[in-house]
Amino acid sequence: MSIYKSAVGKPITTFMVFTAIIVMGLYSLSKMPIDLYPEMDPPYISVVTTYPGASASDIETNVTKILEDALNNVDKLKEITSTTSDNLSLIVLEFDWETDLVEATAEIRDAIDRVYTYLPEDVDQPTIFKFSTSMMPIVFYALTADESFPGIEKILDEKVINRLNRIEGVAQVAMMGQPKRMVYVDVDPNRLEAYNLTLEQLAGTISSENLNMPSGSIKMGLMDYQLRVQGEFDESVELKDLVVGNYGGNPVFLSDVASVKDTLKDKTLDEKVNGTDGLRFFVMKQSGANTVKVARQVQEEVKKLQSDLPSDVKISLIMDTSDFIKSSISNLSETLMYAFLFVILVVLVFLGRWRATFIIVLTIPISLIVSFIYLYMDGGSINVISLTSLSIAIGMVVDDAIVVLENITRHIERGSRPREAAIYATNEVWQSVIITTLVVVAVFFPLTLVGGMTGVMFNQLGWIVTITIITSTIAAITLTPMMSALFLRLRPRTVKGTFYERVFERNLNRLDNFYERSLRFALRFKWSVVIGALVIFILSISLMQFVGTDFMPQTDESRITIAGELQTGTRVEETMAVARKIEKIIREEYPEVVAMASSAGADDEGGMFSLFQESGSNIFNIMCRLNFPRDREKDVWTIAGELRERLAQFPELVTYNFETTGGFGGTSNTVDVEIYGYDFNTTNKVAEQIKKAISAVPEAVDVKLSRDPDKPELQVKLDKQKLAVHGLTTAQAAAQVRNRVYGLTASLFREEGDEYDIRLRLEEDYRNSLSDLEQITLVTAQGNKIKLSEVSKVVEYYGPPSIQHKKRERVLTVSAKPEKVSLGELAEKIELIMKDVDVPNEVMISMGGAYKEQQESFADLGLLMMVSLLLVFIVMASQFESFRMPFVIMFSIPFAFTGVILALFLTNTTLSVVAGLGAVLLIGIVVKNGIVLVDFTNLLRDRDVPLNEAIVAAGKSRLRPVLMTALTTILGMVPLALSTGEGSEIWRPMGVSVIGGLIFSTVITMVLIPTMYGIFIKKGETFKRKQLHAQMEGVLSNQISEQSK
Amino acid sequence: MKSVFITFNQAFTERIEFIFEKLEIKGFTRWVDVQGAGSVTGEPRNGTHTWPEMNSAIITVIPDEKVKPLLQYIKALDEINLEVGIRAFVWDITEAY
């Protein structure tokens, strides 16, 4: 009992099986998360080590180098880079794709443990964390307030952060620029000395006064009372009246020697939202959680909690990364629906029958839905890649059903009953249907084996197309015959002809006849056709040099982030002023910017965000959200370009950098020149030279050096002998200097369950010049007071703020972004320039950045094409049992690329990985059409039809199916190629390349393959049979003649 | 008693069954999936890629009076569409057990 016979015999079972599949698919679909791309977690692990108080170069030799050497042997490590700055060493390990990070983490921990004892004593245990794109904040909010601003930290903490943290999938909610309450005790050193007190004594008094102590219990009568000594301050003003000493019999109050301020912490980070005071908070999702879902829940929660906040507190959305994802996906789903409609229309026009169209079209949702089951089980998501894969597959899934249905129709028209026709007609074609499916699988299955970043995208395409095509074949040999048996009827021919017959069929017949004539013509001038095709191919290859290459198309995500840098060491106030001016320009000249948040300076407590953004008192950051692309005339790049020109007019800006994507990791778009060398001065000089040369290239923008210019420092050089005379050690002296300048946290002031630091320090007037510093009083072991200048010298000094390593060597990177040209073109230009740069012997230079990634993935793609082609050849050679026939078919593949190149050239689109996806698809379609055509020609030759007649008849009979596949796919791609909404930049290149390639390759398939067949396959199976007959004839006639003797 | 040997395109299977039922022919022997070709216009039925269709064959031994209606039906069936193909051949049965 064959599968199609059972299917026809048991229509209810068949129907139920497919219903079950659809239900499972729809369930998967409803559970599936939405995302922009498949999960492309870059396999990065960072090792962060702090060494408080050590300078960058100290840490480099004592920590970073030792750790790097130890970590270098970790399995599957691709590259090791590090940044060493004051107090901190950050080592980033990049792994090969698909590395198990859990395993790698364990290995890293072992490696660190082995060398930990060799590290200096004060080094903290290195922390390891897995860094991935999903750690990028997904929602940014701005919060503004008027009168509640000073107390906002508490309000936020209780009413916002806690509530948002409870949402499933939220990893962390972090704030930037929140005001922090602090009780400052600013000490006047002169008065202190006059009363013979020290700062440390004050701190001791405060901490011993601010105290609650449980003191046992007392039994009185029937009761047992707990006894407590209650000394803690209720109000911060109490500090003022604290007696800190005794002078001449009179008490000395704290207010006599210091001013007490219960205030906000000194600002080192300034945060403005749309130009007014505010702060930013952002939500990070857990790795693996779904961006869209988490963002939606966060938005809902924020809406709810707004009513619980004081009326002057306003929360506004700066950026929601899920917006772009949602609108991209809905745009793409819409184009997919159009593709579906077009397929139905095409099938209807070609078949001209409602029932047949319905039966065929039914295979589309079934095949597509099965891929949802796969995605769901694989933990995948609905994303741009999976949806474009579906739109690729949509035109191909109907092919098998059409072949089966046409044969069934033929049987019915010959008078068979639908039921029998369904069984026997399917029996006749099921094998060839499966073989053509195998060919398509041979093209797409190798995609599932690609590694690397491209692999993440291509794997999904490979699996989805493979699965949908296989499903469509199964449906074609079960569901299609079953439905045909139930619904197809013999249709009597009317004399006048139906509307369809008069309009479409007549034109289709005309097309058939036109094609027949052209084919006969081509067969007469076979060699001219082949040579002509070759000429066109070579011409198109020469056009290739005008087509640019990109890794991933840049997308207009409606956001611009400007990072600007002033002279190193600039005060935060100066930086703020510049940021204000730029904000003003944006506000006044760009109505497209709907929200804006900026920060200047650095939060000295670090915080999560410092991992994502460079910060420093001289650095500012402006984040702008624009309105939707369809509502504005300028795209983000134009706006960024204009702003860039405006920023050039600020002389105080050292560098500035524009970022238009939220992308992190692989999606950066820079060409990097890496300069390796130990000596800072030599590499700096080379870097400056290269930077100057690159800046001269008009297409290069945002040219940046990775190494910051040396930072001015004040160093207190202690004279150890003099210190010893006073009985002090370096540590004691250093601690005293720190207490007086940075401050000493004496105690904690508690109010309503929250704790605030009480910090003692010198009043600002006594610690803001060199001479003030020298006048700082130190207390010796004997209680004597000496000035800092007696035991030390304060000198000014320049040091590198950070040292970067790559492959365990010092490196300095010059990076540039392309403007109006593709990444590949810029890289070529820069490479050309590099030839003229004078490089000293000890310095090594290499190219890197996104350009390198791009080359790697193109190399991957190239290899993949080779594997695909080889597999296709293997399948075809064994199917035809011939080496020539695969050659005839494969000869036409390069011409598909001619169409791709032409289309890219004409529409001025760059060749990106996504356009490459389209090219792979073309191989599939060309080969499939070629096989069916050659196979049918072979069949006719076997039936003793003469060569040219067989070629023409086969071509004519295959014209409509080939046109159908081509038209369904092309029409399915038209919405993709024409769409202009969010995210369309990603899939537009694919639409363009597939349309161009398919138009061209359809013509090639229908003309060149028959011509090649005519040239190469003169002898068919008939010839072999005749040879065999001749042989046997010889043997037998010999035998007979001997008998007759 | 005569025997009728019918070879036919598989697609006729159900109709043959119908005719047998209608003429109340109970006994028969059938070969499913047999190969062959017609002598005049019939295409080969080989079940191969080139000639994918297949025939079946049936032989039945029936009283003389049923032979004529049977052949009539078969001719009618053939005339629906000559491409499908069906032929019947009649032998005399001299003895039977």
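Residues numbered from 1 in each chain as written. Chains lettered and ligands numbered in written order. Predicted model: local features only at pLDDT ≥ 70, side-chain atom pairs only at ≥ 80, totals over all residues.

(A) Layout of the overall build of chain B. Counting its regular elements, chain B contains 2 helices and 4 strands. Ordering the α and β elements of chain B from the N terminus gives β-α-β-β-α-β. Computed over C-alpha atoms, the radius of gyration of chain B comes to 14 Å, within 12% of the 13 Å expected from 2.2 N^0.38 for 97 residues, which places it in the range of a compact globule. Taking the principal axes of its C-alpha atoms as reference, chain B extends roughly 40 × 30 × 25 Å. Taken over 97 residues, chain B has a buried fraction of 23%. The contacts in chain B between residues at least 6 apart in sequence include a share of 72% that link residues at least 24 apart. (Helix = DSSP H or I, 4+ residues; strand = E, 2+ residues; numbered from the N terminus. Rg over C-alpha atoms; globule rule 2.2 N^0.38 Å. Buried ≥ 20, exposed ≤ 12 C-beta atoms within 10 Å, placed from the backbone. Contact = placed C-beta atoms within 7 Å.)

(B) Summary view of the overall build of chain A. Across its full length, chain A carries 33 helices and 30 strands. The dimensions of chain A, computed from C-alpha atoms along their principal axes, are 150 × 80 × 60 Å. Taking all 1045 residues of chain A together, the buried fraction comes to 42%. Within chain A, contacts between residues separated by at least 24 positions form 80% of all contacts whose residues are at least 6 apart in sequence.

(C) Looking closely at the sheet that holds strand β7 (residues 181–187) of chain A. Residues and elements named next belong to chain A. With respect to topology, 4 strands assemble into an open sheet ordered β12-β7-β24-β23, the strand pairing being mixed. Strands at the two margins of the open sheet, each flanked by one partner only, are β12 (258–264) and β23 (744–751). With direction set aside, neighbouring strand axes in the sheet form an average angle of 25°. Judged from the 5 bridges that link them, β7 and strand β24 (residues 754–762) form a sheet pairing that is parallel. Residue Val183 lies in a different strand from β24, and its bridge partner there is Ile758. The strands touched by helix α7 (residues 199–209) within the sheet are β7, β23 and β24, with β23 carrying the most contacts at an inclination of about 25°. (Pairing = 2+ DSSP bridges. Axes fitted to C-alpha atoms, helices over the stretch in contact; angles between N-to-C directions.)

(D) Looking closely at helix α9 (residues 291–305) of chain A. Residues and elements named next belong to chain A. Between its first and last C-alpha, α9 extends 21 Å over 15 residues, near the 21 Å set by a 1.5 Å rise per residue. Residues of α9 that are buried include every one of Thr291, Val292, Val294, Ala295 and Val298, and no others. All buried residues of α9 project into a common sector of 165° when viewed along the axis, lining one side. Opposite its buried face, α9 presents the exposed residues Glu300, Lys303 and Lys304, each directed more than 90 degrees away. On its buried face, α9 is in contact with β5 (139–144), α5 (152–165), β6 (170–176), β14 (276–285), β15 (314–320) and α10 (321–351). (Expected span 1.5 Å × (residues − 1). Arc of directions from axis to C-beta.)

(E) Here's a closer look at the sheet that holds strand β3 (residues 55–62) of chain B. All names here are of chain B. Pairing is antiparallel in the open sheet, where 4 strands are placed in the order β2-β3-β1-β4. Sheet topology places β2 (29–34) and β4 (86–92) at the edges, where each strand pairs with a single neighbour. Put simply, the sheet's adjacent strands are angled 15° from each other on average, direction ignored. When strand β1 (residues 2–9) meets β3, the two strands line up antiparallel, connected through 8 bridges. When the bridges of β3 are listed, Ser3 appears paired with Val61. Together, β1, β3 and β4 form the strand contacts of helix α2 (residues 64–80), whose direction differs from that of β4 by roughly 165°.

(F) Highlighting helix α12 (residues 363–377) of chain A. Residues and elements named next belong to chain A. Counted at 1.5 Å a residue, the expected span for α12 with its 15 residues is 21 Å, and the 22 Å between its end C-alpha atoms agrees. Burial analysis of α12 places 11 of its 15 residues in the buried class, the great majority of the element. Listed in full, the buried residues belonging to α12 are Thr363, Ile364, Ile366, Ser367, Leu368, Ile369, Val370, Ser371, Phe372, Leu375 and Tyr376. Remark: Gly379 follows α12 within two positions and exhibits a positive phi of approximately 75°.

(G) Highlighting the packing of α9(A) against α10(A). Residues and elements named next belong to chain A. Remark: α9 packs on α10, axes separated minimally by 9 Å, with the N-to-C direction vectors making an angle of 125°. Judged by the angle between their axes, α9 and α10 are oblique. Our pair here, α9 against α10, has a crossing hand that is left-handed. Contact residues: Thr291, Val292 and Ala295 in α9; Thr321, Ser322, Ile325 and Lys326 in α10. Of the residues that constitute the contact of α9 with α10, the class distribution is 3 nonpolar, 3 polar and 1 charged. (Parallel < 35°, antiparallel > 145°, perpendicular 65-115°, else oblique. Left-handed = near helix turned anticlockwise from the far one by under 90°. Nonpolar A, V, L, I, M, F, W, Y, C, P; charged D, E, K, R; others polar.)

(H) Highlighting the environment of A:Leu714. Residue and element names in this part refer to chain A. Relative to the helices and strands, Leu714 is located in strand β22 (residues 711–718). When the 10 C-beta atoms within 10 Å are taken as the criterion, Leu714 is described as exposed. Expressed as a C-alpha distance, the spacing of Leu714 and Val795, which sit 81 residues apart in the sequence, is 5.7 Å. For Leu714, the residues in contact, after removing those within four places along its chain, are Val794 and Glu796.

(I) Seen up close, unusual backbone geometry. All names here are of chain A. Despite not being glycine, Glu881 shows a phi value in the positive range, around 55°. Of note in this structure, Asp944 is not a glycine but carries a positive phi near 65°. By the element assignment, Asp944 lies in the loop between α30 (913–942) and α31 (947–978). The class of Asp944 is exposed, set by 11 C-beta atoms lying within 10 Å.

(J) Highlighting the interface of chain B and chain A. Taken together, the 12 residues of chain B in the interface contact 13 residues of chain A. Here the side of chain B that touches chain A is built from residues that sort into 4 nonpolar, 5 polar and 3 charged.

(K) Here's a closer look at the environment of A:Val839. All names here are of chain A. Tracing the backbone shows Val839 in the loop between α26 (823–834) and β30 (844–849). Val839 sits 688 residues away from Gly151 along the chain, and the two C-alpha atoms are 57 Å apart. Not counting residues up to four positions away in its chain, the partners in contact with Val839 are Val686 and Ile845.

(L) Looking closely at the pairing of strand β9 (residues 223–230) of chain A. All names here are of chain A. Burial analysis of β9 places just 0 of its 8 residues in the buried class, which makes it a mostly uncovered element. Here strand β8 (residues 212–220) runs beside β9; their pairing, made up of 7 bridges, is antiparallel. Within β9, the residue paired with Ser217 across the bridge is Gln226. With antiparallel pairing between neighbouring strands as the criterion, β8 and β9 make up a hairpin whose turn holds 2 residues, including Gly221 at a positive phi of roughly 60°.

(M) Seen up close, the confidence of the model for chain A. For chain A, per-residue confidence averages 80 on the pLDDT scale, and 92% of positions sit at 70 or higher. This model gives residues 604–612 of chain A a pLDDT under 50, and the stretch forms 7 contacts once residues within four places in sequence are excluded. (pLDDT = per-residue confidence, 0-100.)

(N) Structural context of the nonpolar core. All names here are of chain A. Counting residues in each nonpolar core, the largest one holds 210 residues, and the members touching the most others are Val283, Ala393, Val439 and Leu922. It is α30 that provides the largest number of residues to this core, a total of 18 residues. Counting residues in hydrophobic clusters, the runner-up holds 23 residues, among them Leu202, Ala203, Leu242 and Leu760. (Core = buried A, V, L, I, M, F, W, Y, C linked by C-beta atoms within 7 Å.)

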